[in-house]
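Each chain is listed here by its residues.
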Amino acid sequence: MSGEKRTYVSVEERELRRLREQESCLRTVNRDLPERLNAIRQQRQEKMVKGLQSDLSRLEKDTQQRLARQHRNSQTVCNSSGENTCACLSSRIANSPAWWKTNAGSVRRLCGICRTR
C-alpha cells in the first residue's frame, strides 16, 4: 500500500439501497438540469419578447392616435384661423429656427400635414 488509510463501515442492505436510489436520482437531475434550464430560459425569453411586442404595438397605436388627434386639432385651427400659415407650419417654425431659415420665403405654400395654404 502507498500509505492510504482505508476505513470500512458496515451499512444495512436497506440503507445502502436507499442511498443508491438517491444517487441515481441525483445523476438523473444532473444530466437533465442543463436541458431544463435552457427550456426555462427559452420560455422566459419568449414571454419577454411577447411582452415587448405587445408594448410596442400599444405604443405604436397610441402614437398613431396622438398624431391623428394633433392632426385633427391643427386642421381645425388652420381652417378656422384664416391666416396664411397653419398651426402645423407655425409649430415647425417655433420648434425649429433652422426650418424657418430655409423655408421663410415659402411659408404660404401648401402645408404637408394638414394640406392647407
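As the structure is a computational prediction, the values presented were derived from the model and not from experiment.

**Details of the overall build of the chain**
If you tally the helices and strands in the chain, you get three helices and zero strands. Starting at the N terminus, the α and β elements of the chain follow one another as α-α-α. Evaluated residue by residue, the chain yields a buried proportion of 9% over its 117 residues. Per element, the accessible surface of the chain, about 10500 Å² overall, is 51% carbon and sulfur.

**With respect to the pattern of salt bridges**
Following the criterion strictly, the structure yields five salt bridges and no others. Here Glu 15 ties to Arg 18 by a salt bridge, and the two come within 2.5 Å at their closest N and O atoms. Of this pair, Glu 15 and Arg 18 both sit in helix 1 (residues 13–81), three residues apart, roughly one helical turn. A relative accessible area of 32% means that Glu 15 is categorised as partly exposed.

**A few points about the confidence of the model for the chain**
The share of residues in the chain with pLDDT of 70 or more is 62%, and the mean pLDDT across the chain is 77. No element of the chain has a lower mean pLDDT than helix 2 (residues 87–95), which averages 56, and none a higher one than helix 1, which averages 89.

**Examining a nonpolar patch on the surface**
A surface patch of nonpolar side chains, amounting to about 280 Å² of accessible area, comprises Val 9, Val 11 and Leu 19. With respect to the helices, strands and loops of the structure, Val 9 is situated in the segment before helix 1. By relative accessible area, which is 70% here, Val 9 ends up exposed.

How each quantity is defined
- Residues numbered from 1 in each chain as written.
- Predicted model: local features only at pLDDT ≥ 70, side-chain atom pairs only at ≥ 80, totals over all residues.
- Heavy atoms only, no water.
- Helix = DSSP H or I, 4+ residues; strand = E, 2+ residues; numbered from the N terminus.
- Buried < 20%, exposed > 50% of the residue type's maximum accessible area, 1.4 Å probe, protein only.
- Areas by Shrake-Rupley, 256 points an atom, 1.4 Å probe, with all protein chains shown as cover.
- Salt bridge = Lys/Arg side-chain N within 4 Å of Asp/Glu carboxyl O.
- pLDDT = per-residue confidence, 0-100.
- Patch = residues over 30% accessible without salt bridge, like charges linked within 9 Å, V, L, I, M, F, W, Y side chains within 5 Å.

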